[in-house]
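Spelled out from the first residue to the last, the chains are:
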Amino acid sequence: MGIKNLLKELMPLSENVDLAKYRDRRVAIDGAGWLYRGCYACARDLALVELGLVPKGSRSDPMARAEPPFVLYVLARLRALRDRGVRATLVFDGRRLEAKAATEASRGRDRDAALAKGKALWLAAARAPAGSAERQRLERDAETAFNGAVKPTRAIAARVARA
């Protein structure tokens, strides 16, 4: 769920360090953050499946792939830590908090709006001439909107956990 502006506030207290500093230590990783970043790699495909514009289980469905991009993203980062002797534990959010219900509802509306915008742009791109600058622009804008609609599901988290 996150705390608004937390990273911005902590930035003055942070420092860049070599991972070797954490060799033979265990670190906790924000699993939700990594899931979101991994989902951005296939945000368009996830959105098109959710919208029903691409069939579930098709080649374009990330969940149908043996190794979806979001799994590869998380595994690559875990491997990088392991290769440097760092033991990582992915930590995921627990149950929804009633105190954050309004924030979650607002974020849900924002994601829904981004998904609808992406769909409209994607369908407009499909009507534009193939290879045209207009089509390319509409596709880029749709992909940007689809990034705003990313919401890792329990199924996505489960795929990562099984990997």
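Residues numbered from 1 in each chain as written. Predicted model: local features only at pLDDT ≥ 70, side-chain atom pairs only at ≥ 80, totals over all residues. Heavy atoms only, no water.

A. A look at the packing of aromatic side chains. In total, this model carries one aromatic pair according to the counting rule given. Taking 6.4 Å as the distance between ring centres and 50° as the angle between the ring planes, the aromatic pair formed by tryptophan 122 and phenylalanine 146 counts as tilted. Taken together, the positions of tryptophan 122 in helix 5 (residues 101-127) and phenylalanine 146 in helix 6 (residues 133-148) put the pair 24 residues apart, joining distant regions of the chain. Cation over ring: arginine 77 sits above tyrosine 73, and NZ or CZ is 3.5 Å from the ring centre. (Phe/Tyr/Trp six-rings, centres within 6.5 Å; stacked < 30°, edge-to-face > 60°. Helix = DSSP H or I, 4+ residues; strand = E, 2+ residues; numbered from the N terminus. Lys NZ or Arg CZ within 6 Å of the ring centre and 35° of its normal.)

B. A look at the packing of helix 3 (residues 43-50) against helix 6. Put simply, helix 3 and helix 6 touch, their axes get as near as 8 Å, and they point 80° apart. The angle between helix 3 and helix 6 falls in the class roughly perpendicular. Of helix 6, the residues touching helix 3 (which contributes Ala43, Arg44, Ala47 and Leu48) are Glu143, Phe146 and Asn147. When grouped by side-chain class, the residues that make up the contact of helix 3 with helix 6 number four nonpolar, one polar and two charged. (Axes fitted to C-alpha atoms, helices over the stretch in contact; angles between N-to-C directions. Parallel < 35°, antiparallel > 145°, perpendicular 65-115°, else oblique. Contact = heavy atoms within 4.5 Å. Nonpolar A, V, L, I, M, F, W, Y, C, P; charged D, E, K, R; others polar.)

C. A nonpolar patch on the surface, seen in detail. A cluster of nonpolar side chains, contributed by Ile3, Leu6, Leu10 and Leu13, occupies part of the molecular surface with about 410 Å² of accessible area. Along the chain, the position of leucine 13 falls in the loop between helix 1 (6-10) and strand 1 (26-30). Residue leucine 13 is classed as exposed on the basis of its relative accessible area of 70%. (Patch = residues over 30% accessible without salt bridge, like charges linked within 9 Å, V, L, I, M, F, W, Y side chains within 5 Å. Areas by Shrake-Rupley, 256 points an atom, 1.4 Å probe, with all protein chains shown as cover. Salt bridge = Lys/Arg side-chain N within 4 Å of Asp/Glu carboxyl O. Buried < 20%, exposed > 50% of the residue type's maximum accessible area, 1.4 Å probe, protein only.)

D. Inspection of the pattern of salt bridges at higher detail. Inspection of the entire model under this criterion finds six salt bridges. Between glutamate 143 and arginine 44 there is a salt bridge, with the nearest N and O atoms lying 3.0 Å from each other. Taken together, the positions of glutamate 143 in helix 6 and arginine 44 in helix 3 put the pair 99 residues apart, joining distant regions of the chain. The residue glutamate 139 makes a salt bridge to arginine 135 at a minimum N-O spacing of 3.4 Å. Of this pair, glutamate 139 and arginine 135 both sit in helix 6, four residues apart, which is roughly one turn of that helix. On the basis of relative accessibility, which here comes to 25%, the residue glutamate 139 falls in the partly exposed class. One network of salt bridges, with partners in common, ties together Arg44, Asp45, Arg65 and Glu143.

E. Fine view of the nonpolar core. Ranked by internal contacts, the top residues of the largest apolar core, which has 17 residues, are Trp34, Cys39, Phe70, Ile156 and Val160. Of all the secondary-structure elements, those providing two or more residues to this core are strand 1, helix 2 (31-40), helix 3, helix 4 (69-83) and helix 7 (154-162). If one sorts the elements of this core by residue count, helix 4 sits on top with five residues. Filtering out sequence-adjacent residues up to four positions away, phenylalanine 70 remains in contact with Gly38, Cys39, Cys42, Pro62, Met63, Ile156, Arg159 and Val160. The next biggest cluster of nonpolar side chains, apart from the first, holds 13 residues, and it includes Val54, Leu121, Ala125 and Leu138. (Core = buried A, V, L, I, M, F, W, Y, C linked by side-chain atoms within 4.5 Å.)

F. Main features of the environment of alanine 20. With respect to the helices and strands, the residue alanine 20 is situated in the loop between helix 1 and strand 1. In the structure, alanine 20 is positioned 77 residues away from leucine 97 in sequence and 37 Å away in space, judged by C-alpha atoms.

G. Seen up close, the confidence of the model for the protein chain. With 99% of its residues at a pLDDT of at least 70, the protein chain reaches an overall mean of 91. Predicted confidence in the protein chain is weakest over helix 1, with a mean pLDDT of 84, and strongest over helix 6, with 97. (pLDDT = per-residue confidence, 0-100.)

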